[in-house]
Structure formats: structure tokens, C-alpha cells
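A look at the structure
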2 protein chains.
Amino acid sequence: MGKRATIQDIAQKSGYSKTAVSFAFNAPEKISAEARDRILCIARELGYSPDPMARNFSKGRHMAIGFLLPQNPDKALGNPYTQAVIAAIAEVCQENGYVLSIIPPFRSSIPEAVKNAPVDGLITMGLYVDRNIRDALRGRCLPVVSIDGLEEDGFPSVGIDDEAAGYLQMNKVLGHGHRDIAVVSLPKTAYGKSKSDVTRRREAGYERALAEAGMSLSSILMVESSASYSGGKEAADRILSDHKPSCIVTMADIAALGVISSLSSRGISIPEDVSVVGFDGIEHTAGPVLSTIVQSASEKGRLSASMLFSAIGDDSLVTERKHIGFAFQEGATLRRIYGY
Amino acid sequence: MGKRATIQDIAQKSGYSKTAVSFAFNAPEKISAEARDRILCIARELGYSPDPMARNFSKGRHMAIGFLLPQNPDKALGNPYTQAVIAAIAEVCQENGYVLSIIPPFRSSIPEAVKNAPVDGLITMGLYVDRNIRDALRGRCLPVVSIDGLEEDGFPSVGIDDEAAGYLQMNKVLGHGHRDIAVVSLPKTAYGKSKSDVTRRREAGYERALAEAGMSLSSILMVESSASYSGGKEAADRILSDHKPSCIVTMADIAALGVISSLSSRGISIPEDVSVVGFDGIEHTAGPVLSTIVQSASEKGRLSASMLFSAIGDDSLVTERKHIGFAFQEGATLRRIYGY
DNA sequence: GGCAGTTACTAAACCGGTCAAGTAAAATCT
DNA sequence: AGATTTTACTTGACCGGTTTAGTAACTGCC
């Protein structure tokens with residue numbers, strides 16, 4: 001790895017000043033065509049192109065935005081829905097000439113990750129913002145957009161109306177005649193501990209739907225699991241060690257796939273013996289189409305990234321929660337109980 | 001967005017020098033406990049933490065490595081296998097205190113993306129390195145590791161023995177009695193035009209397997225498609241407009257899923273009517289287990305990232321191709337033709 | 001011919017840290 | 001007690017660009 005030529009080298013060799021070289025690359029109109037040609041020619045000869053670090057430093061911009069992982073990459077990126085959101089964000093980054101950085105916790109610390117992230121803005125997803133994280137974010141003076149975050153966090157946020165979505169999900173299940181229901185919910189640790197996080201909002205929706213059917217939350221079995229394939233499997237095992245419900249409702253498609261895998265391996269057929277309902281709307285899973293709540297990953301990603309870039313651009317950021325749409329997808333994994 | 005405090009501000013307010021402040025943060029042993037406490041206290045008060053850009057600039061490191069996308073994010077990240085590799089790379093990045101940047105083409109130009117990428121090293125995957133890209137890479141003086149690249153590119157490379165894998169894949173198909181075979185291969189544009197790229201190596205393996213069965217490459221239908229769900233669907237459509245083969249072999253699982261979707265929607269059952277074989281070994285697809293060649297995404301990602309970090313560390317990089325293992329996965333989508 | 005405006009360029013400040021070299025005072029050694 | 005080492009800190013160069021403020025030469029105008 002030889003060392004690179006610097007703007008100085010080009011200036012010297014061409015007989016022009018550093019400024020002239022800079023102009024040759026960035027502001028052709030501020031320099032004569034003759035000088036420009038000469039400089040660019042010598043630059044090509046020496047294999048010079050402006051150092052992105054130095055350029056970014058002097059411009060005060062990183063030309064990168066960050067996607068802050070609330071957990072280790074294997075966990076956080078193990079969810080296809082998260083990956084789909086990231087893909088959408090990456091798309092918007094490209095349109096803006098930016099790069100997307102995946103920011104994992106730094107030595108197990110999210111605040112440290114925030115302090116060191118070489119980015120101009122951050123997108124969080126499913127992050128519970130505690131005091132330390134908040135301080136780190138404030139300390140960076142960076143625009144932040146949260147996906148599935150809390151309004152109370154004070155950041156602009158993108159998400160769905162989780163209460164309504166929870167209601168719709170449970171309402172569909174009840175409408176199909178199910179009464180013996182188990183729910184695979186999300187872990188408190190990763191998605192927040194405060195009262196109005198995603199899980200709580202969805203649970204509120206469940207409660208409302210159940211109430212309309214004369215039931216209550218306490219009448220269903222509720223287990224926590226990470227939003228992952230293995231988490232879903234384990235959750236199913238725990239549920240089945242209790243009893244076999246007629247429907248298992250999950251808060252993440254990837255967990256639903258794990259549930260399905262666990263059921264299948266026990267010879268339990270879906271949806272005949274046990275129905276399964278997911279949440280998210282991940283794609284390309286082959287097999288039976290999952291009955292699930294669909295919330296567009298690309299819409300979530302694109303909208304959050306757009307909001308972030310407009311904040312980076314004009315320095316004004318609304319602290320508002322924007323809702324995107326959602327819908328129930330009739331799949332093959334939810335059975336209608338006849339005679340109900 | 002107020003402006004951040006600088007090291008100067010802390011120095012002034014605390015009565016110490018910039019260096020002392022720097023030491024307080026980075027080299028506690030070079031400063032008295034008293035001074036350290038005082039400085040850190042004032043820093044906390046003013047919400048100061050060292051600016052990562054300035055720190056990186058003066059250290060000459062970005063603390064980021066890049067994953068160079070050969071196509072737009074939606075295409076490149078639409079493949080679950082790619083995402084799994086990225087997740088594995090991100091894992092290694094975390095262990096090294098680095099960040100992983102997704103580098104899309106910059107205004108449709110990969111060389112421009114390379115020139116501007118704020119990273120200390122690059123990993124490419126399935127990239128065809130033309131002259132311009134090579135020059136850009138050389139110009140950056142960055143360590144590069146290629147996944148599924150060419151030996152001729154001169155970069156250290158990670159991949160499987162694609163000839164052997166192609167042979168194994170086709171051999172299994174032939175061994176199951178299939179003779180009417182269609183292949184969904186990868187696009188030349190994205191994966192290379194030169195003779196010994198991934199596609200060509202696998203084709204060579206096909207040819208060898210076919211030859212052993214007294215057949216040749218020309219006796220099978222070969223269509224190109226992008227390594228994507230929709231690409232697989234379209235490829236299946238093109239194949240079926242020709243005739244209905246007994247087995248469709250693909251070079252990417254995600255394309256196989258697209259093929260399956262196309263077949264299913266026509267009422268063609270798998271594997272009874274048409275068998276499908278994939279390549280990669282993506283996970284969590286629910287549905288029938290795909291018969292496929294499994295090459296560990298996490299091994300590929302981890303190995304390539306490890307190689308890159310060792311190059312970043314000690315400045316010595318072998319220009320060697322490392323092979324990881326692969327295996328055939330007996331799934332439910334490949335039918336044995338009895339009486340053969 | 002003198003003045004304003006334009007063109008083409010340059011010198012030097014600046015971004016915010018790190019770090020090598022240097023200094024003064026205190027501690028240790030002989 | 002004087003020489004040496006150690007401790008605790010500071011000064012200032014440096015990373016490689018961008019950008020502001022300027023200058024000198026040239027152009028156009030009356």
C-alpha cells in the first residue's frame with residue numbers, strides 16, 4: 001500500500017496552487033480550461049483523487065448516515081423485515097449520494113456507538129432510548145429519525161398505528177372463530193420498557209378486540225421472544241408445553257416462521273391443527289402465504305430516510321410521528337373455524 | 001441543532017491544554033487523576049465528546065469498512081444471501097470496533113463510489129472489476145477483499161470451488177434421473193464478462209457432469225436472470241414458453257423461489273411435475289425445504305472480513321483465493337425419477 | 001488615459017482533533 | 001547536595017482538503 005498523492009503534490013508538479021487544484025476538481029468555472037486540463041492530466045498521471053476523509057472533514061460532512069442497531073448485528077440483521085427496511089434506506093442514500101452505515105453497539109454500548117458514529121444523521125429502529133442514549137444523541141447534535149419509536153423520545157418518528165394494527169390482527173383471529181389464542185410478543189429489553197412502546201400499543205389493540213368479544217388479555221397465553229426464527233421456535237415450544245392453542249399470533253413474521261417450523265417438526269399441520277398469524281409482511285418466503293399484518297418495509301425505510309435527509313439539508317426537523325399504512329393479508333396459515 | 005463544544009472550549013474552561021483534554025479521553029495514564037476528573041467533569045457539563053470526524057482525520061482512519069454493491073441497493077440487497085453475508089461482515093466489524101458501510105454506485109458509477117467511499121477497506125461481492133474500477137481501487141490504496149471474484153483481479157478472494165459445486169449440483173440432478181433440464185444462470189453484466197467468472201466456472205462443472213452422463217451443455221436450456229425473486233419468475237416464464245422441463249436448476253436460491261412461485265401459480269406442482277434446485281443455502285424460507293448447494297454465508301462474510309481486518313492491521317495482504325466448503329442439501333424440491 | 005469590472009489565480013486561515021518534542025517541577029538515586 | 005529520572009503538563013506541527021480574502025493583469029467603457 002504505497003502512499004497516496006496529495007493535493008500538494010499535484011499543485012507542485014503542475015505549478016499551480018492548491019486552490020487551483022481544488023477548483024479543477026470542484027469548480028471548473030472558477031478556473032481556465034487550460035489550467036484545468038493540465039491539472040487533471042497530472043492528477044491522472046499520479047493517480048490522484050481528493051481524499052474523501054480530508055474533504056469531508058473540511059466540509060464538515062461525513063456523506064454517510066447511520067442505521068443504529070439496537071442489538072448485535074446477528075440478531076438485528078437476522079430479521080428479514082429489518083433488512084428490507086435497510087435496503088429501502090440504502091436506496092434513498094444512493095439517490096442523495098450518501099452511504100449507509102450499519103452502526104452496531106460499540107463494545108456493547110449504544111451510547112458509545114452513537115458518540116463515535118461517523119455519520120451526518122441516524123435512523124433508529126425499535127430502539128428503547130434511555131437517558132444515556134438520549135444524552136449521547138443530544139451530544140452529537142445530529143438529526144435523528146426513529147422507526148417504531150416512542151413519541152415521548154422527542155424524535156421525528158415513522159411507524160404504523162400499532163394499536164389499530166394490533167386490534168385488526170386480533171380482530172381477524174377472533175373473527176375466524178378462534179378463542180384459544182397464544183401470543184408471541186416482542187422482548188421488553190430490545191423494544192423498550194416504557195408503557196407505550198410498540199408491544200404495549202399492540203397489546204392495547206389486542207385488549208380492545210378481545211373486549212369486543214367478551215374476553216380479556218388475561219384469557220390468552222402471552223410469551224415473549226426475540227424477533228427471530230429461533231426465538232419463534234422456542235416460543236412455540238414454550239406454548240406447546242402449556243397446551244395446544246387453536247391459533248398462535250406473533251408480533252413478527254420471522255418469529256411466525258420459527259413457530260411454523262416448530263409446529264411442522266411435531267407433525268402439527270397448519271392451519272388445520274393450529275393457525276399462525278404473523279406481523280410485518282416479509283417477502284419471498286416460499287411455502288404457504290403467511291396470514292399477517294403487512295406494513296411496507298420500503299415505505300418505512302424510504303420515508304424515514306427522506307425525513308432525515310430533509311433535516312440534514314435544511315436543518316429543520318419536525319418532531320412529529322408519521323404513520324404509514326398497514327393491512328391484513330389473508331394468507332393460508334389462518335383457518336376459519338366453521339360452525340362458529 | 002446548536003453547535004458542538006470543541007476540545008478548545010474544554011481546554012479553555014478547564015485551564016488545561018488541548019493535549020491534556022485529549023489525554024483525559026484517550027490516555028488516562030498520561031495525566032493526573034485530578035486533572036482527568038476536572039476535565040471530564042467540564043466535558044460532561046458542556047456535553048462534549050471528541051468529534052469522530054476530526055479524530056479519524058488526524059488518525060488517518062475512518063473506522064469503517066465498505067461493502068461495495070455492484071448494483072443499486074434494491075437489486076443487490078434484494079437477495080437474502082447477500083444480506084446474510086453482510087450480516088456476518090457486520091458481526092466482524094463490531095468485534096473490531098468498526099462500522100460497516102453499504103456503498104452503492106455513486107451516480108451510477110462504481111469507480112466514483114470507490115473514490116469517495118469513506119472507508120479503510122472494501123469488500124466486493126460478485127463484482128466484475130473492469131479497468132476503471134481497478135484504477136479507482138488502486139488510486140485509493142485500500143485493502144480489498146473480493147467475494148466470488150476472479151483470481152485474475154489480483155485481490156485476495158473468498159469463495160467456493162464453483163466448478164466443483166456446479167458439478168455436484170448437476171450431478172445430483174442427473175443422479176435423480178433428470179435429463180430434461182433447464183438452467184437459470186446469472187446475468188453476465190453484474191457478475192462478469194470474462195471467461196472464468198462464477199457463472200463460467202459453474203458451467204464448466206455442469207459440462208463435466210453432463211459429459212459423464214453422455215450429454216453436453218448444448219442439450220440443456222440455459223436462460224439468464226438476475227439473482228432475484230422477480231428474475232427467477234421471469235426466467236421460469238421464459239423456460240415454460242419453450243417447454244416444460246423435468247428439472248429447473250438455478251444459480252441462486254432467491255431465483256429458485258421465484259421459479260417456484262411461477263410454477264405454483266400455474267398449478268405445476270413441485271417436485272412432482274417439475275423439480276427445482278437452488279444454489280446458496282438461504283435460510284428461513286418456510287415452505288418446502290429447497291434442494292440446493294449450501295455455501296455458508298456467515299463463513300464467507302466472516303472470513304472475508306477477517307482477511308480485510310488483518311490487512312488493515314498489518315498492511316500485508318495475501319493475494320490468494322481462499323475456498324470455503326459447500327455441500328448439497330437434500331430438500332423436498334428435487335424428485336427422484338423412479339424406473340430410471 | 002483613467003477607472004471600474006472581470007478574470008485567473010494565490011496565500012493563508014480553517015476544520016478539530018492527535019502526537020512528537022520540549023519544559024519545569026518533583027521524586028529518586030548515589 | 002548534585003545528578004538523574006519521572007511526572008505532569010504545554011507548545012506547536014500536522015493530517016489534506018475547502019474557502020475567504022485578496023492581488024495582479026487584463027478588458028471595456030467613456
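Throughout what follows, the structure given in this document is the object of discussion.

The next point concerns the overall build of chain A. In terms of helices and strands, chain A carries 14 helices and 12 strands. At 26 Å, chain A has a C-alpha radius of gyration far larger than the 20 Å of a compact globule built from 340 residues. Oriented by its inertia axes, the alpha-carbon framework of chain A measures out at about 90 × 40 × 35 Å. Residues classed as buried in chain A amount to 55% of the 340 residues present. The contacts in chain A between residues at least 6 apart in sequence include a share of 71% that link residues at least 24 apart. Just so you have it, chain A exposes about 13,900 Å², and 49% of that area is on carbon and sulfur atoms. Counting 37 positive and 39 negative side-chain charges, chain A places the centres of these two groups 5 Å from one another.

On to the pairing of strand S6 (residues 181–185) of chain A. Residue and element names in this part refer to chain A. Of all five residues in S6, five are buried; the element is thus mostly enclosed. In S6, alternate side chains face the same way, and those of Ile181, Val183 and Ser185 on one face and Ala182 and Val184 on the other are all buried. As paired strands, S6 and strand S8 (residues 247–250) are joined by four bridges and run parallel to one another. Paired with Val184 across the bridge in S8 is Thr250.

Each side of the interface is counted separately: chain B has 53 residues, and chain A has 52 residues. Applying the counting rule to chain B against chain A returns zero salt bridges. Per-class residue counts for the side of chain B that touches chain A are 29 nonpolar, 16 polar and eight charged.

With that settled, consider the sheet that holds strand S6 (residues 181–185) of chain B. Sheets are built from strands that pair by backbone hydrogen bonding, the pairs being arranged parallel or antiparallel. Residues and elements named next belong to chain B. Ordered by their spatial adjacency, six strands build an open sheet running S7-S6-S8-S9-S10-S12, and the pairing between neighbours is mixed. Each edge of the open sheet carries a strand with a single partner, namely strand S7 (221–224) and strand S12 (327–329). Pairs of neighbouring strands in the sheet enclose a mean axial angle of 20 degrees, with direction left out of account. In terms of strand pairing, strand S10 (residues 291–294) meets S12 through three bridges, oriented antiparallel.

Definitions and cut-offs
Residues numbered from 1 in each chain as written. Chains lettered and ligands numbered in written order. Predicted model: local features only at pLDDT ≥ 70, side-chain atom pairs only at ≥ 80, totals over all residues. Heavy atoms only, no water. Helix = DSSP H or I, 4+ residues; strand = E, 2+ residues; numbered from the N terminus. Rg over C-alpha atoms; globule rule 2.2 N^0.38 Å. Buried < 20%, exposed > 50% of the residue type's maximum accessible area, 1.4 Å probe, protein only. Contact = heavy atoms within 4.5 Å. Areas by Shrake-Rupley, 256 points an atom, 1.4 Å probe, with all protein chains shown as cover. Lys, Arg positive; Asp, Glu negative; His and termini not counted. Charge placed at Lys NZ, Arg CZ, Asp CG, Glu CD. Pairing = 2+ DSSP bridges. Salt bridge = Lys/Arg side-chain N within 4 Å of Asp/Glu carboxyl O. Nonpolar A, V, L, I, M, F, W, Y, C, P; charged D, E, K, R; others polar. Axes fitted to C-alpha atoms, helices over the stretch in contact; angles between N-to-C directions.

On their own, these measurements won't tell you what the molecule is for.
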